[in-house]
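Chain residues, written in single-letter form:
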Amino acid sequence: MSGARMKMQWRPDAGRLVTLMAIGFGMTVVITRLYLMASGYPKIGGHTYHIAHALFGGLLLVISCVLQLMSSGRTAIVWAAILAGVGLGLFIDEVGKFITADNNYFFPLAAPIIYLAFLIVVAAARYAASRRGEAADLLLGALTGDVGDMVAARMTTRRRTALLRDLDQVRTEQLGPHSRELAAALRDYVRSVPCEQRPTLGARVLDLLTRAESRLLPLPLVRTLLIAVLLLHGLWTVLRLGLALVVMYGWRTPWHEFDHMLDLGTGHGWKSLTGLAIAAVAEIVTGIGCIAGAVVWLRGNPELGVRLGIWTSVLSLTVVNVFASYFSQFLTVFTAIAEAVLLWALLRYRDRVREHDSPRAESDPAAVPAESLPA
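This one's a predicted model, so the numbers in the text were calculated from it and none came from an experiment.

A.B. asks: So what about the packing of aromatic side chains? Which residues, and what values?
C.D. replies: Overall, the coordinates contain six aromatic pairs when judged by the stated rule. Consider the rings of Phe-25 and Phe-118, whose centres lie 5.8 Å apart with planes at 70 degrees: the pair is edge-to-face. Pair noted here: Phe-25 is in helix α1 (residues 14-39) and Phe-118 is in helix α5 (residues 110-130), with a separation of 93 residues, a long-range link. Ring centres of Tyr-105 and Phe-106 lie 5.3 Å apart, and the angle between their planes is 90 degrees; this geometry places the pair in the edge-to-face category. In textbook terms, an aromatic cluster arises when at least three aromatic residues are bridged by ring pairs, as seen for Tyr-41, Tyr-105 and Phe-106.

A.B. asks: How would you sum up the packing of α1 against α5? Please name residues and give values.
C.D. replies: Where α1 meets α5, the closest approach of the two axes is 7 Å, and the angle between their N-to-C directions is 165 degrees. Compared by their axis directions, α1 and α5 come out roughly antiparallel. The element α1 and its partner α5 pack so that their crossing is left-handed. Across the interface between the two elements, Ala-14, Gly-15, Val-18, Thr-19, Met-21, Ala-22, Phe-25, Gly-26, Val-29 and Arg-33 from α1 touch Ala-110, Ile-114, Ala-117, Phe-118, Val-121, Val-122, Ala-124, Ala-125, Ala-128 and Ala-129 from α5.

A.B. asks: Mind laying out α1, listing which residues take part and the relevant values?
C.D. replies: Its 26 residues give α1 an end-to-end C-alpha distance of 37 Å, which sits within 8% of 38 Å, the value for a rise of 1.5 Å per residue. Residue Gly-40 follows α1 closely and has a positive phi angle near 80 degrees.

A.B. asks: Can you lay out a nonpolar patch on the surface for me, pointing to particular residues and giving the numbers?
C.D. replies: A contiguous nonpolar patch, built from Ile-44, Tyr-49, Ile-51, Leu-55 and Phe-56 and spanning about 530 Å² of accessible area, is present on the exposed surface. Along the chain, Leu-55 turns up in helix α2 (residues 53-70). Note on Leu-55: relative accessible area 55%, which makes it exposed.

A.B. asks: Give a detailed account of the nonpolar core, specifying residues and quantitative values.
C.D. replies: One broad rule of soluble globular proteins: the nonpolar side chains tend to lie buried together. With 20 residues, the main nonpolar core has Tyr-115, Leu-226, Leu-230, Trp-297, Leu-346 and Tyr-349 as its most contacted residues. Considering each element in turn, this core owes the most residues, six residues, to helix α14 (residues 329-356). In contact with Leu-230, not counting residues within four places along its chain, are Cys-290, Ile-291, Gly-293, Ala-294, Trp-297, Gly-309 and Leu-342. Among the nonpolar cores identified, the runner-up in size contains 17 residues, and Leu-139, Leu-140, Met-155 and Cys-195 belong to it.

The rules we used
Residues numbered from 1 in each chain as written. Predicted model: local features only at pLDDT ≥ 70, side-chain atom pairs only at ≥ 80, totals over all residues. Heavy atoms only, no water. Phe/Tyr/Trp six-rings, centres within 6.5 Å; stacked < 30°, edge-to-face > 60°. Helix = DSSP H or I, 4+ residues; strand = E, 2+ residues; numbered from the N terminus. Axes fitted to C-alpha atoms, helices over the stretch in contact; angles between N-to-C directions. Parallel < 35°, antiparallel > 145°, perpendicular 65-115°, else oblique. Left-handed = near helix turned anticlockwise from the far one by under 90°. Contact = heavy atoms within 4.5 Å. Expected span 1.5 Å × (residues − 1). Patch = residues over 30% accessible without salt bridge, like charges linked within 9 Å, V, L, I, M, F, W, Y side chains within 5 Å. Areas by Shrake-Rupley, 256 points an atom, 1.4 Å probe, with all protein chains shown as cover. Salt bridge = Lys/Arg side-chain N within 4 Å of Asp/Glu carboxyl O. Buried < 20%, exposed > 50% of the residue type's maximum accessible area, 1.4 Å probe, protein only. Core = buried A, V, L, I, M, F, W, Y, C linked by side-chain atoms within 4.5 Å.

Shown next, in the form of structure tokens:
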């Protein structure tokens with residue numbers, strides 16, 4: 001190998017692909033655990049053998065690797081990302097068996113490990129998305145591969161627009177003369193290649209959902225709903241702290257099923273109780289942040305209110321739920337799903353407001369939400 005330093009080429013859609021993997025990972029763990037609990041934790045293999053679902057996870061991971069090695073098409077890489085997420089979810093779901101001498105699937109530390117692994121995958125997705133277009137030569141190399149993938153596949157209008165947008169982001173002034181010629185040739189090819197004018201099924205569904213969102217969920221209504229949810233989230237914080245006290249003091253409820261869902265138990269050591277105390281402090285900060293965000297939003301500062309809602313949701317998802325999952329994995333799962341939906345709704349609301357504040361929207365004052373107009 002020459003003395004030249006090897007560089008990694010980041011795919012322009014790396015963030016989206018790793019996000020697909022994270023979604024497959026999270027959904028697989030949740031569905032698997034809920035299914036096993038509802039079905040009484042069945043076993044495959046009889047008295048002699050036990051075919052753990054971690055084996056199926058490993059098989060899906062192998063299939064994902066083979067797809068990436070054998071095919072360079074977009075369909076293959078998307079399926080590889082999904083299968084990798086499902087396979088990783090099935091594999092890591094049994095981490096409790098791998099870290100205990102008695103193969104304890106229900107070991108309390110398993111849930112925080114699974115949750116941390118999921119957060120790492122999500123962080124990798126965000127990092128991959130942020131790396132997009134940092135180096136002009138790497139971005140051009142990745143786009144060359146993407147355009148090559150489309151040679152044997154159908155080119156759609158939406159895909160052409162995305163490729164041209166990515167090519168326009170290449171800072172050609174940082175490239176050498178040959179690389180600039182390559183970028184120009186790729187741009188000419190993408191513009192001239194025939195493509196199907198009829199949108200794909202996914203594009204039609206996305207367009208339908210966008211129109212339904214604008215019609216059924218106008219920004220003023222979404223604003224009211226988000227403020228109400230932030231206030232309710234603050235109240236839910238008080239309830240979660242009460243449940244934390246239930247765990248710490250070993251109290252029992254009259255409902256056995258509820259106790260099982262909370263994984264209540266006694267005999268927790270000081271280390272686990274310290275983690276629970278950290279979660280309680282972070283939960284207090286989360287509750288205060290949610291209520292403060294709703295209040296400042298009502299008082300006419302929507303930007304600060306949305307920002308507080310976003311960061312408190314991130315704090316709860318990344319700190320509170322990690323420690324809380326040690327004591328109540330199923331309750332934490334449902335809470336994390338609700339908080340993830342809230343976080344997505346806040347981000348989506350912020351994007352919609354920015355779209356209304358774009359120059360196109362400014363030409364039509366009626367299209368701009370009242371709260372985004374200057375006082």
